[in-house]
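Okay, here's what each chain looks like letter by letter:
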Amino acid sequence: MKVLVSDPLNPEGIALLEKYHQVDQRFGLSEKELTGLIGRYDALVVRSGTKVTAAVIEAAEKLQVIGRAGVGVDNIDLEKATARGIIVLNAPEGNTISAAEHALAMLTALARNIPAADCALKEGRWERGGFMGVELNQKVLGVIGLGRIGSEVAKRARAMGMLIAAYDPYIPAEQVEKFGADPVTLEELFKRADFITLHLPCNEQSYHLIGKAELALMKPEVRLINCARGGLIDEEALCEAILEGRVAGAALDVFEHEPPLESPLLKLPQVIVTPHLGASTREAQVNVAVQVAEQVVFALRGDPVVSAVNMPSVPPEVMAEVKPFLPLMRLLGGLYFHLYGGRIEEIELYYGGEIAGHTVAPLTVACLIGIFSHILGEQVNFVNAGHIARSRGVRVRESLSQNVDNFTNLIVLTVKAGSEKHTIAGTIFNRSDIRIVRIGDYRIEVIPSPYMLLCTYTDRPGVIGRVGTFLGHHQINIAGMQVGRRSAGGEAIMALQVDEQITPALLEQLAQLEGIIMARFVHLQERELSPAPPLVGN
């Protein structure tokens, strides 16, 4: 088979590919040139420099796999590749150690004022007294995000005698303890930590995770390290806190806007900065090249791959059985995250009715994708979803029964963490019409929509009317509504489909209405509502 490498790749990766296949290296190709060439090749390996557009993929008559030597796949048209049955894979773990080591290097440099001392001596100033540092031994390191990189940082910091306090709401406490860390709340971490290092994606939930209010909770001698994503820290608030002496210093490898050449943080001696160098090591580049080459070889010979970012091959007979249920499963997982979020120890899926007589493993994986794609802020797919659950210590159980009351098919998702347990159930009518039929203890029939308001309330006259009046007053139109209750006069639930988003400030006001117990606004993304992309058949 023939492999086209269109961006420079480390020699170790090229050697591995050449061991099994014919390899052509053609760099700097325009879209037109690549479109004209790609029809001859079975595999394409790229970095960020090559744009794999829909036109390129359309012309790729023989292409089976696209390998991205790195993590991001923004330069590849995933939707088109999936529709054409082409596996897209990347190398997400190749730079883990390099990124972790860079965070530790920034931490130690910050503790001992190494960059400033280096500059002073090179400028001819011998100023030992001006660079008094602090020991790391017995200091508390707060680790926010205990995934691949965060756990490696924690391991290495423990070896230096640091005490680890970790916050990751999606990893069970016992799993956190296995890393040698003390599981804490975010507020507790802010109050206890001498150093804080961040290792999580920047998304709607984590944007400006550390701002003015959070900085006010911290020790005045705290030091912050961010080698994860720009935007996690409110840089203006951080600058203000350092100038006022409320934060001792910061070490930053990433910024909200890059390059940050006008940032006032660059002018502060208490701040160490590097230009996004977390993965910039020879070893990381070798690891990335070898990992992507290995996965391309596996994909071309039909073996399982572990870093696919779309969908791997699924037998056609399985596809025909499960495909109608895939959107429901992703919706159940996504809706759980929107309503409850938080730590997960066990995921249990009950399959009742006709579906219990079929292969349900792909459905379970689809539900995991719905949950973990929100938690991780990165691509979660049919190959890696189970691995992600296992690596986080999450138990996944299935139970099946072909006998079920009231429904032809019923799927129940139950998520447990400690003494807490949350349940959501759904079904489909006519193989395409999705309904949520249970939320917690409430029986209800909810039609999913992009914008939904869910409220629990005291079941008495006037409560529903107050909610409608409130929304109308703020020009929010109600498209539909469903209610459910356990008993007359007790707690009940209402689900409203609305035509636009409800802001956090409005939601907070709505939650204060008389009779309202809890209010949640759910914004379902298009991928959670539309039919699943076609599975890749053999």
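Look up: the structure comes first, before these words.
Residues numbered from 1 in each chain as written. Predicted model: local features only at pLDDT ≥ 70, side-chain atom pairs only at ≥ 80, totals over all residues. Heavy atoms only, no water.

Enquirer: Give me the overall build of the protein chain: which residues, what numbers.
Expert: In terms of regular secondary structure, the protein chain is built from 19 helices and 22 strands. Here the C-alpha atoms of the protein chain give a radius of gyration of 26 Å, agreeing with the 24 Å that 2.2 N^0.38 yields for 538 residues. Oriented by its inertia axes, the alpha-carbon framework of the protein chain measures out at about 80 × 65 × 45 Å. Taking all 538 residues of the protein chain together, 51% fall into the buried category. For the protein chain, the exposed surface amounts to about 24700 Å²; the carbon and sulfur share of it is 51%. Each charge sign in the protein chain was given a centre, from 50 positive and 62 negative side chains, and these centres are 3 Å apart. (Helix = DSSP H or I, 4+ residues; strand = E, 2+ residues; numbered from the N terminus. Rg over C-alpha atoms; globule rule 2.2 N^0.38 Å. Buried < 20%, exposed > 50% of the residue type's maximum accessible area, 1.4 Å probe, protein only. Areas by Shrake-Rupley, 256 points an atom, 1.4 Å probe, with all protein chains shown as cover. Lys, Arg positive; Asp, Glu negative; His and termini not counted. Charge placed at Lys NZ, Arg CZ, Asp CG, Glu CD.)

Enquirer: Quick rundown of the packing of aromatic side chains? Include the residues and the values.
Expert: Counted according to the given criterion, the structure contains three aromatic pairs. Where Y170 meets F337, the ring centres are 6.1 Å apart and the plane angle is 35°; that geometry is what we call tilted. With Y170 in the loop between strand 7 (163–167) and helix 8 (173–178) and F337 in helix 14 (residues 326–339), this residue pair connects regions lying 167 residues apart in the sequence. Owing to a relative accessible area of 16%, Y170 belongs among the buried residues under this scheme. (Phe/Tyr/Trp six-rings, centres within 6.5 Å; stacked < 30°, edge-to-face > 60°.)

Enquirer: Which residues make up the sheet that holds strand 16 (residues 420–429), and what values do they have?
Expert: If you walk across this open sheet you meet the six strands as 14-13-15-16-17-18, and the pairing is mixed. Of all strands in the sheet, those bounded by a partner on one side alone are strand 14 (395–401) and strand 18 (442–446). With strand direction ignored, the average angle separating the axes of adjacent strands in the sheet is 20°. Examined bridge by bridge, strand 13 (residues 346–353) and strand 14 share seven bridges and lie parallel to one another. Directly across from E348, in strand 14, lies its bridge partner R397. Helix 14 rests against strand 13, strand 15 (409–417), strand 16 and strand 17 (433–439) of the sheet, and its axis sits at about 150° to strand 16. Contacting strand 13, strand 14 and strand 15, helix 15 (residues 361–376) crosses the sheet at an angle of about 135° to strand 13. (Pairing = 2+ DSSP bridges. Axes fitted to C-alpha atoms, helices over the stretch in contact; angles between N-to-C directions. Contact = heavy atoms within 4.5 Å.)

Enquirer: I'd love a proper account of the nonpolar core, names of residues and values included.
Expert: In this structure, M329, I347 and F372 are the most contacted members of the largest nonpolar core, which totals 50 residues. No other element matches helix 15, which puts ten residues into this core. Among residues more than four places away in sequence, those in contact with M329 are L349, Y351, L363, A366, C367 and I411. Among the nonpolar cores identified, the runner-up in size contains 32 residues, and A193, V222, A228 and L252 belong to it. (Core = buried A, V, L, I, M, F, W, Y, C linked by side-chain atoms within 4.5 Å.)

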